[in-house]
Amino acid sequence: MNITKVSNDKKSYINLLLLADEQESMVDKYLECGEMFVLNDNGAKAECVVTKEADGIYELKNIAVMPDCQRKGYGKRLIDFLFSHYTDCNAMLVGTGDVPSALSFYQKCGFAESHRIQNFFTDNYDHPMFEDGKQLVDMVYLKRER
């Protein structure tokens, strides 16, 4: 298993990216300005895109694991990698929907709730977004500090 940085042709991973953010126009807003990493284990199993927001502050914009590979530690492995890769990272933010499965995953990875952006999903997506059968409305931001 290895994690590599993808600098060219990031769109070749669009199907994986869309698992975590299903509207391509939203992915396009951060894909080129962010750094992409892919976890390979006999093929691409997971990916993430990270942006630098300020000195020592990064944001995990997208993290996705192939459906048949979920709950096997790949997502957590990517997050742990990011903290070793970005040695200047004092805090990492991640925004997600207000659903127990996502919040629980990030909490297990050391994140704690930071703040919320009301109506983010209803204001920024061109169709209703659902996760675990629940319509997403507010974006929940979590933060992990070093």
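On a predicted model such as this, the values are computed, not experimentally measured, just so you know.

**Student:** What should I look at first to understand the nonpolar core in this one?
**Tutor:** One finds Cys 48, Leu 60, Ile 79, Leu 82, Met 92, Tyr 106 and Phe 111 to be the most contacted residues of the largest nonpolar core, which totals 25 residues. The element best represented in this core is helix α3 (residues 74-85), accounting for five residues. Each residue touching Met 92, except ones within four places of it in the same chain, is listed here: Tyr 58, Leu 60, Leu 82, Phe 83, Phe 111, Leu 142, Lys 143 and Arg 144. Grouped together as the second largest cluster of nonpolar side chains are 11 residues, Ala 102, Phe 120, Phe 121 and Tyr 125 included.

**Student:** Explain the environment of Gly 133 here, please?
**Tutor:** If you trace the backbone, Gly 133 turns up in the loop between β7 (130-131) and β8 (134-135). Sequence spacing of Gly 133 and Glu 59 is 74 residues, and the spatial spacing of their C-alpha atoms is 26 Å.

**Student:** What's the story with the packing of α3 against helix α4 (residues 100-108) in this structure? I'm lost.
**Tutor:** Two numbers describe a pair of packed helices, the interaxial angle and the distance between the axes. Look at α3 against α4: their axes get within 10 Å of each other, and the N-to-C directions meet at 45°. Comparing their axes, α4 and α3 come out oblique. Every pair of crossing elements has a handedness; the one defined by α3 and α4 is right-handed. Residues Gly 75, Lys 76 and Ile 79 of α3 form the contact with α4, whose participating residues are Phe 105, Tyr 106 and Lys 108. Split into classes, the residues belonging to the contact of α3 with α4 amount to three nonpolar, one polar and two charged.

**Student:** In this structure, what is going on with the environment of Asn 90? I would like to understand it.
**Tutor:** Along the chain, Asn 90 falls in the loop between α3 and β5 (91-97). Sequence separation between Asn 90 and Ser 101 is 11 residues, and the spatial gap between their C-alpha atoms is 26 Å. With near-sequence residues (within four places) excluded, Asn 90 lies in contact with Gly 56, Arg 144, Glu 145 and Arg 146.

**Student:** Help me out: how do you make sense of the pattern of salt bridges in this one?
**Tutor:** A side chain with one charge may pair with a side chain of the opposite charge, provided their charged atoms come close. Summed over all chains, the structure comprises nine salt bridges. Its salt-bridge partner being Glu 59, residue Lys 61 comes within 3.5 Å of it at the nearest N-O pair. On the basis of relative accessible area, Glu 59 is assigned to the buried category, the value being 7%. One network of salt bridges, with partners in common, ties together Lys 11, Glu 24 and Asp 28.

About the cut-offs
- Residues numbered from 1 in each chain as written.
- Predicted model: local features only at pLDDT ≥ 70, side-chain atom pairs only at ≥ 80, totals over all residues.
- Heavy atoms only, no water.
- Core = buried A, V, L, I, M, F, W, Y, C linked by side-chain atoms within 4.5 Å.
- Buried < 20%, exposed > 50% of the residue type's maximum accessible area, 1.4 Å probe, protein only.
- Helix = DSSP H or I, 4+ residues; strand = E, 2+ residues; numbered from the N terminus.
- Contact = heavy atoms within 4.5 Å.
- Axes fitted to C-alpha atoms, helices over the stretch in contact; angles between N-to-C directions.
- Parallel < 35°, antiparallel > 145°, perpendicular 65-115°, else oblique.
- Left-handed = near helix turned anticlockwise from the far one by under 90°.
- Nonpolar A, V, L, I, M, F, W, Y, C, P; charged D, E, K, R; others polar.
- Salt bridge = Lys/Arg side-chain N within 4 Å of Asp/Glu carboxyl O.

Shape descriptors only; they carry no functional weight alone.
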